[in-house]
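# Structure assessment
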Amino acid sequence: GAVVSQHPSRVICKSGTSVKIECRSLDFQATTMFWYRQFPKKSLMLMATSNEGSKATYEQGVEKDKFLINHASLTLSTLTVTSAHPEDSSFYICSALDRGGEKLFFGSGTQLSVL
Amino acid sequence: AQTVTQSQPEMSVQEAETVTLSCTYDTSESDYYLFWYKQPPSRQMILVIRQEAYKQQNATENRFSVNFQKAAKSFSLKISDSQLGDAAMYFCAYHRQALNFGKGTSLLVTP
């Protein structure tokens, strides 16, 4: 089956630094990828929709200058958390939509801890 | 905006018994997809079952089946012959342009 690789699985960083999270579709082309944030024991909150070759569409309340999304190819989308603060600590999950637009595959998530 | 409501924060079922998780959603669209995802402690999202809105027939996947009532905008998940490995968070989700999740139901399976 289709696989989405998300890296790193866990990252610890200092306040003020930037962290990049990668999401790769390994055996299919994904024109659309989604980024979610999940707090402990809570649901997944959609942050943004990433379309290959165009600017990401951010959900209301999500700072686009804070969470930079790049979808430069049909197999790779990246989320960069800039000038990270402790309140950015969370579990981030990506998902990729196949070209048919019917199947959605999830990465294994990234636990970000900002000290 | 589409909203997905899961009214049961927690559910418990005895092993080998059947449990039903409820989900309702709000949309003005006629063509969309509905999903149930399972999230175990590993936090990997696992697709349980998928339903196309244009299909009247309820989707089934082995021990998992749904009761899809389009007019009522209801999409419940039935787990038959519950197993210990079914214990997890279950999320109902609506998809048209993006996947929107309900708040989840924590399922506990007791021996």
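In what follows, the structure referred to is the one given above.
One structure accompanies this document, and this report is about it.

## Side note on the packing of aromatic side chains
The tally for this structure, following the rule as stated, stands at 14 aromatic pairs over all chains. Taken together, a centroid distance of 6.1 Å and an interplanar angle of 85° make the contact between Phe91 of chain B and Phe101 of chain B edge-to-face. In this pair, Phe91 of chain B is assigned in strand β10 (residues 88-95) and Phe101 of chain B in strand β11 (residues 99-101), connecting sequence segments 10 residues apart. Note on accessibility: Phe91 of chain B and Phe101 of chain B belong to one class, buried. By way of ring pairs, the aromatic residues Tyr36 and Phe106 of chain A together with Phe35, Tyr37, Phe91 and Phe101 of chain B are connected into one cluster. The ring of Phe91 of chain A carries the charged tip of Arg43 of chain B above its face, separated from the ring centre by 3.8 Å.

## Side note on the sheet that holds strand β1 (residues 4-7) of chain A
Residue and element names in this part refer to chain A. Spatially, the four strands line up as an open sheet ordered β1-β3-β8-β7, and their pairing is antiparallel. Each end of this open sheet is capped by a strand with a single partner; those strands are β1 and β7 (67-73). Neighbour-to-neighbour, the strand axes of the sheet open up by a mean angle of 15°, direction not taken into account. When β7 meets strand β8 (residues 76-81), the two strands line up antiparallel, connected through five bridges. Looking across to β8, one finds that Asn70 is bridged to Thr78.

## Topic: the interface of chain A and chain B
With 18 residues of chain A at the interface, the matching set in chain B holds 17 residues. Between chain A and chain B, roughly 1400 Å² of surface is buried when both sides are summed, and carbon and sulfur atoms account for 54% of that area. Looking at the side of chain A facing chain B, the largest losses of area belong to Ser43, Glu102 and Phe106 of chain A, adding up to 33% of the total buried there. Looking at the side of chain A that touches chain B, the elements with two or more residues in it are β4 (32-38), β5 (44-51), β9 (90-97) and β10 (104-106) of chain A. The class makeup of the residues in the side of chain A that touches chain B is nine nonpolar, seven polar and two charged.

## Regarding the state of the cysteines
Applying the stated criterion across every chain yields a total of two disulfides over all chains. Cys23 of chain A shares a disulfide with Cys94 of chain A; S-S distance 2.0 Å. Taking the torsion about the S-S bond as the criterion, the Cys23 of chain A to Cys94 of chain A disulfide, at about 80°, is right-handed. Here the residue Cys23 of chain A occupies a position in strand β3 (residues 19-25), and Cys94 of chain A occupies one in strand β9, the gap between them amounting to 71 residues. Of the two residues examined, Cys23 of chain A and Cys94 of chain A, each falls in the buried class. At a sulfur-sulfur separation of 2.0 Å, the disulfide partner of Cys23 of chain B is Cys92 of chain B. A torsion of -70° about the S-S bond marks the disulfide between Cys23 of chain B and Cys92 of chain B as left-handed.

Conventions we followed
Residues numbered from 1 in each chain as written. Chains lettered and ligands numbered in written order. Predicted model: local features only at pLDDT ≥ 70, side-chain atom pairs only at ≥ 80, totals over all residues. Heavy atoms only, no water. Phe/Tyr/Trp six-rings, centres within 6.5 Å; stacked < 30°, edge-to-face > 60°. Helix = DSSP H or I, 4+ residues; strand = E, 2+ residues; numbered from the N terminus. Buried < 20%, exposed > 50% of the residue type's maximum accessible area, 1.4 Å probe, protein only. Lys NZ or Arg CZ within 6 Å of the ring centre and 35° of its normal. Pairing = 2+ DSSP bridges. Axes fitted to C-alpha atoms, helices over the stretch in contact; angles between N-to-C directions. Contact = heavy atoms within 4.5 Å. Buried area = accessible area lost by both parts, 1.4 Å probe. Nonpolar A, V, L, I, M, F, W, Y, C, P; charged D, E, K, R; others polar. Disulfide = S-S within 2.5 Å.

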